[in-house]
Amino acid sequence: MERSPADGSSPSLVDQPSTPSDPSDQPPAAHAKPDLGSGNQPASPGAAGEAMALLSSFGRRLLVLVPVYLAGAVGLSVGFVLFGLALYLGWRRVRDEKERSLRAARQLLDDEERLTAKTLYMSHRELPAWVSFPDVEKAEWLNKIVAQVWPFLGQYMEKLLAETVAPAVRGSNTHLQTFTFTRVELGEKPLRIVGVKVHPGRSKEQILLDLNISYVGDVQIDVEVKKYFCKAGVKGMQLHGVLRVILEPLMGDLPIVGAVSMFFIRRPTLDINWTGMTNLLDIPGLSSLSDTMIMDSIAAFLVLPNRLLVPLVPDLHDVAQLRSPLPRGIIRIHLLAARGLGSKDKYVKGLIEGKSDPYALVRVGTQAFCSQVIDEDLNPQWGETYEVMVHEVPGQEIEVEVFDKDPDKDDFLGRMKLDVGKVLQAGVLDDWFPLQGGQGQVHLKLEWLSLLPNAEKLEQVLQWNRGVSSRPEPPSAAILVVYLDRAQDLPLKKANKEPNPMVQLSIQDMTQESKAVYCTNSPVWEEAFRFFLQDPRSQELDVQVKDDSRALTLGALTLPLARLLTAPELTLDQWFQLSSSGSNSRLYMKLVMRILYLDSSEVHFPTVPGTPGAWDLDESPQTGSSVDVPPRPSHTTPESHFGMENVLRIHVLEAQDLIAKDRFLGGLVKGKSDPYVKLKLAGRSFRSRVVREDLNPRWNEVFEVIVTSIPGQELDIEVFDKDLDKDDFLGRCKVSLTAVLNTGFLDEWLALEDVPSGRLHLRLERLTPQPTAAELEEVLQVNSLIQTQKSAELAAALLSVYLERADELPLRKGTKPPSAYATLTVGDTSHKTKTIAQTSAPVWDETASFLIKRPHTESLELQILVSQHSGVEAHSHSHSSSSLSEEPELWGGLPHSTTSAPELRQRLTHGDSALEAPAGPLGQVRLTVWYYSEERKLVSIVHSCRALRQNGREAPDPYVSLLLLPDKNRGTKRKTSQKKRTLNPEFNERLEWELPLDEVLRRKLDVSVKSNSSFMSRERELLGKVQLDLAEIDLSQGAAQWYDLMDDKEKGGS
């Protein structure tokens, strides 16, 4: 049956496996005896066609008279002719009855409901109530088999728990060494299968069954820990749910089915009657908690995406794919808005009707998301986006529940459910859906993302995602499925004890953990983990193999995900050598990446300039052709917005009134929190340091990120409490970049959302690039002034690189063109271009931007590389950023330096010229002294010394010591690091004193340049000193200046 492109990869439930040529699909009139003379050609509408039809009819009737003629020719009587005619008519009648019966049976099987109503001359609504056509069938015969097998299943369970589970429990903990099962009875009431529904599989090698199971049993299982005289157990249990059973692959050999997979599509409902010590779990509150914990354990291995696989044949091919198959697709859920919601808030004991504070819960299987709360609004606008993995179509559902947020119990406002098969069929579904159980509608936009096994459309997807405004997380470009199989020869613990290995897998801020396998250095996990990827070109998979205590690391592995982009079908299936481990320690994993592609006629991707098809440089003219090779371009042709980025400098200053999350002594003693801040902007993430035990922390850290002028960008800020296991949430807030990009500056206290209290102090600065190096020294100077000890080195310039094309790259093995890509690297930052397949003149047409911290010393490295399997070596080229033909763009608009710029520029020019400012006889020291009023600190930056005095044969080992006078106990003494054998040392170190400004103005700064006298002596040789009266220095400007060094007896000055 032909399908439209919107039908997806699997048919709808109402599709029938028939073709237009099937006679069962035609109306009864269509099954009349065919015109034998017409053949397969349609009749001509002209006179010739009518004449041929008339001749054909006359010929058939003439053939009927042939037996009569033959009977007369041989002299037979008329009785023989009548007998033969009667025999033929009887045969024809029987034949027609069989055909009608077969045709009616086929039609009844195809559309039983319509034919029944038609036969009874009734409409569908007029059928009796007892007439039904269920797609779920009863299976009483199967229940009879289960009832007969049930006692033997109980014997198997008793043996399994006693011989397998109990030893594993005893070995997991020393306190459970006396654990045992004292009673295991499944009872007399077996599990019942209420109904069976069979789906057409995705392929002909698969059978899908949905079993509605219901178990209300008298099971009794008792356990005992004899060491502590502790008894517990279960007596009676209820379990209801839909269990999907997949029989695959189907084979041509016995037992026909290769394996059986079982899982619950949705969480089943569970109710347990506890006995013994576990009777406490029946207390209200604990009862639901215990059942939820057990359901979480069941979901960990038997609810999608987890499944139980039972192989039926040995050496089954690709068991990993059967145990953890790839998702069918990804659904991007845009929770846009709701309207007409019910009002639940009441005031003055219900006399005054208010509104509601709605929020939404979005669920697909075990994946759940909660939206933000919109206060007092019956028509809320959320504008949030979530991405979920879909494993089974049909079967899984998208469920949205809307609640009214209240201090005690949230009120239910309504829910909607939608089968994911409808999204697969539509591609993009944008509609208002009515809420059941309440009033109002919810607006959803649902997009089905297909999984591509190659990276050809990755650049297109990334470009589309850059223009998509998505919160709370940026849109994903790919998914990664990691199948963790096993490890070998892991190192032993102390005293040669076997470890209990487990694995932590991390990509950026997302970490997932495997189960622990006890007492072995060659564990087998057979687990699958799934990650969403924003940009697989730059992300890495970090694997840590640890002992279950998390204190001992058994091995590590860091894998750049860009490696998968060049692998066949984006898949790596191999052993990986572990670092920081034994020489033979290795890990076996299968990694599968898939690109997320939205294939819909309603969505048009922006055109990608410079695609390989736009340039036909790979076709060289034939030998002897009169067509000349086109000349190389003399300059690049970037887009008009090239080099127009801004830089956002984010100052994370402090927070106040954070909530306390730490608890001690089982929650009896309330502690504080260990807060830190996470920032997300433009696809990048930053994290501050952790401030220990402080509800009013001060970070004073600075982060920088390159931003564009795309509207709708937001800075996402989250505050967490650092814990040993899972960090606690302390609040979030968002800042729109529109105002910052327009005004250039923002300094505000932001209230933290979703928490009772807390606010965060941020300062945002937009730094606009300037195409000149005239103010480079000033920028470097200002950076040194605002640089804090807690932050990374600040950038001074922005380098924008446009990489257009390459030409005449070497061929593979002398004849085949390479598949080339390029990497641009500045310091620790790299940019990788897309791969252009099979051409010696690739066209990339890509841009990259880099933050430059030290323009005089940093360099740009360009490498042109070829796919790993092409056999062509990499070619690289390096530029110093100060010698590039494209001058790095410098930043202007520095708010701290606008008033002092002329004076600072004058001092720098004067200070950098040795001819204008000759050094004294003992040399000079260069200092910046500045008072940071916001932190109430005196700051001194020791830049360097020059022309120091040499008293012996060898140059001194100088350092600088600073002291605030008067100081009797020398508590204000600060000193720099020591430099070896130099008369012109470079320090660039920042020293601080926490003092109020009035106290600073009463002090003098004593600066001494010293050197070690000898290796064995503690004496220090004074090379020169200077004293600065802080009351005479403009501490608000913070300008760097050279000061002449003098003897100890002389007075200081500049």
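Description of the structure in this document. (Residues numbered from 1 in each chain as written. Predicted model: local features only at pLDDT ≥ 70, side-chain atom pairs only at ≥ 80, totals over all residues. Heavy atoms only, no water.)

Within the protein chain one finds 14 helices and 50 strands. Contacts in the protein chain between residues far apart in sequence, at least 24 positions, make up 63% of those at least 6 positions apart. Summed over its atoms, the accessible surface of the protein chain is roughly 58600 Å², and 54% of this surface lies on carbon and sulfur atoms. (Helix = DSSP H or I, 4+ residues; strand = E, 2+ residues; numbered from the N terminus. Contact = heavy atoms within 4.5 Å. Areas by Shrake-Rupley, 256 points an atom, 1.4 Å probe, with all protein chains shown as cover.)

A word on the sheet that holds strand 29 (residues 675-681). The four strands lie next to each other as 30-29-32-33, forming an open sheet whose pairing is antiparallel. Edge positions in the sheet fall to strand 30 (684-687) and strand 33 (728-736), since each of these pairs with one other strand and no more. Geometrically, the sheet is characterised by an average inter-axis angle of 20° between neighbouring strands, direction not taken into account. Where strand 32 (residues 714-721) lies against strand 33, eight bridges are found, and the strand directions are antiparallel. Looking at strand 33, one finds that phenylalanine 720 is bridged to phenylalanine 729. (Pairing = 2+ DSSP bridges. Axes fitted to C-alpha atoms, helices over the stretch in contact; angles between N-to-C directions.)

Moving on, we come to helix 9 (residues 458-466). Among the residues of helix 9, those classed as buried are Leu458, Glu459, Val461, Leu462 and Asn465. Looking straight down helix 9, one finds that the buried residues subtend no more than 160° of arc, so they occupy a single side. Here the buried face of helix 9 lies against strand 8 (329-339), helix 10 (562-565), strand 25 (586-598) and strand 39 (843-852). (Buried < 20%, exposed > 50% of the residue type's maximum accessible area, 1.4 Å probe, protein only. Arc of directions from axis to C-beta.)

Quick look at a nonpolar patch on the surface now. Judged by side-chain polarity, Trp141, Ile145, Val149, Leu153 and Tyr156 come together as a nonpolar surface patch covering roughly 520 Å² of accessible area. Following the sequence through the fold, valine 149 ends up in helix 5 (residues 140-172). Valine 149 sits in the partly exposed class, given a relative accessible area of 44%. (Patch = residues over 30% accessible without salt bridge, like charges linked within 9 Å, V, L, I, M, F, W, Y side chains within 5 Å. Salt bridge = Lys/Arg side-chain N within 4 Å of Asp/Glu carboxyl O.)

A word on the pattern of salt bridges. Two side chains bearing opposite charge may form a pair once their charged atoms approach each other closely. According to the stated counting rule, one finds 34 salt bridges in the structure shown. Linking aspartate 210 and arginine 244 is a salt bridge whose minimum nitrogen-to-oxygen distance equals 2.7 Å. Taken together, the residues span a long stretch of sequence, with aspartate 210 in strand 3 (residues 207-225) and arginine 244 in strand 4 (residues 230-247) at a distance of 34 residues. By relative accessible area, arginine 244 is classed as buried at 0%. We note a salt bridge from aspartate 754 to arginine 732, for which the minimum N-O separation is 2.6 Å. Of the two residues, aspartate 754 is situated in the loop between strand 34 (745-751) and strand 35 (759-770) and arginine 732 in strand 33; the sequence distance between them amounts to 22 residues. On the basis of relative accessible area, aspartate 754 is assigned to the partly exposed category, the value being 47%. Looking at arginine 732, the relative accessible area reads 28%, which means it is partly exposed. Within this structure, Asp210, Arg244, Arg307 and Glu392 form a network of salt bridges that share partners.

Glancing now at the packing of aromatic side chains. Using the criterion set out here, one finds eight aromatic pairs in the structure. With centroids separated by 5.9 Å and ring planes inclined at 25°, the aromatic side chains of tyrosine 359 and phenylalanine 403 adopt a geometry described as stacked. Here tyrosine 359 is found in strand 11 (residues 358-364), whereas its partner phenylalanine 403 is found in strand 14 (residues 397-404), with 44 residues between them in sequence. When sorted by exposure, tyrosine 359 lands in the same class as phenylalanine 403, which is buried. Between the aromatic rings of phenylalanine 720 and phenylalanine 729, the centroid separation amounts to 5.9 Å while the plane-to-plane angle is 70°, which identifies the pairing as edge-to-face. Here the aromatic residues Tyr359, Phe403 and Phe412 are joined through ring pairs into a cluster of three or more. The ring of tryptophan 432 has arginine 339 sitting right over it, with the charged end atom 3.9 Å from the ring centre. The ring of tryptophan 749 is capped by arginine 759, whose NZ or CZ atom sits 4.1 Å from the centre of that ring. (Phe/Tyr/Trp six-rings, centres within 6.5 Å; stacked < 30°, edge-to-face > 60°. Lys NZ or Arg CZ within 6 Å of the ring centre and 35° of its normal.)

Time to look at the pairing of strand 17 (residues 441-452). Among the 12 residues of strand 17, nine are classified as buried, and the element is accordingly described as predominantly covered. Pairing geometry for strand 8 and strand 17, over nine bridges, is antiparallel. Across the sheet, residue arginine 339 finds its bridge partner in strand 17, namely glutamine 441. Relative to strand 17, strand 16 (residues 428-434) runs antiparallel, the two sharing seven bridges. Counted as the bridge partner of valine 428 is glutamate 447 from strand 17. As consecutive antiparallel partners, strand 16 and strand 17 are separated by six residues, and within that stretch glycine 437 has a phi angle of approximately 80°, a positive value.

Once that is clear, we can look at unusual backbone geometry. Omega for the bond connecting glutamate 248 with proline 249 falls within 30 degrees of zero, at -10°, which places this linkage in the cis form. When you line up the elements, proline 249 lands in the loop between strand 4 and strand 5 (259-264). Cis geometry marks the peptide bond from leucine 254 to proline 255, where omega comes out at 5°. Although it is not a glycine, aspartate 845 sits at a positive phi angle of roughly 55°. With respect to the helices and strands, aspartate 845 occurs in strand 39. What makes aspartate 845 buried here is its relative accessible area of 19%. Of note, alanine 947 is a non-glycine position whose phi angle comes to about 55°, a positive value. Using a relative accessible area of 37% as the deciding quantity, one classes alanine 947 as partly exposed.

Attention now moves to the sheet that holds strand 45 (residues 958-965). The strand order across the open sheet formed by four strands is 46-45-48-49, and the pairing between neighbours is antiparallel. Two strands close off the open sheet at either side, each with one partner strand: strand 46 (974-975) and strand 49 (1020-1029). Two elements, strand 45 and strand 48 (residues 1004-1012), share eight bridges in a ladder whose sense is antiparallel. When the bridges of strand 48 are listed, leucine 963 appears paired with aspartate 1006.

Now for the environment of leucine 484. Considering the arrangement of structural elements, one finds leucine 484 in strand 18 (residues 478-488). Given the relative accessible area of 0%, leucine 484 is considered buried. Along the sequence, leucine 484 and tyrosine 588 sit 104 residues apart, while their C-alpha atoms lie 6.8 Å from each other. With residues up to four places along the chain from it excluded, the contact list for leucine 484 reads Val503, Ser514, Trp525, Glu526, Glu527, Phe529, Leu587, Tyr588 and Met589.

You can see leucine 762 is positioned in strand 35. In contact with leucine 762, not counting residues within four places along its chain, are His651, Val652, Leu715, Ile717, Leu746, Asp747, Glu748 and Leu750.

One finds Leu480, Leu541, Met589, Leu591 and Met593 to be the most contacted residues of the largest nonpolar core, which totals 39 residues. Excluding residues within four positions of it along the chain, methionine 589 makes contact with Val482, Tyr483, Leu484, Val543, Leu557, Leu572, Asp573, Gln574 and Phe576. Membership of the second largest hydrophobic core comes to 31 residues, among which are Phe703, Leu730, Leu750 and Leu760. (Core = buried A, V, L, I, M, F, W, Y, C linked by side-chain atoms within 4.5 Å.)

For the rest of this paragraph, the subject is a positive patch on the surface. Among the surface-exposed residues, Arg970, Lys973, Lys975 and Arg1020 lie close enough to one another that they form a single positively charged patch. Residue placement: arginine 970 occurs in the loop between strand 45 and strand 46. (Lys, Arg positive; Asp, Glu negative; His and termini not counted. Charge placed at Lys NZ, Arg CZ, Asp CG, Glu CD.)

For the rest of this paragraph, the subject is the side chain of lysine 680. By secondary structure assignment, the location of lysine 680 is in strand 29. Assessed through its relative accessible area of 17%, lysine 680 is described here as buried. At 2.9 Å, the side chain of lysine 680 forms a polar contact with the side chain of glutamate 473. With residues near it in sequence (within four places) discarded, lysine 680 still touches Glu473, Asp509, Ser685, Glu714, Leu715 and Asp716. (Polar contact = N/O pair within 3.5 Å; in protein donor to acceptor, adjacent residues only side chain to side chain.)

Remember that the coordinates give geometry; whether it matters functionally is a separate question.
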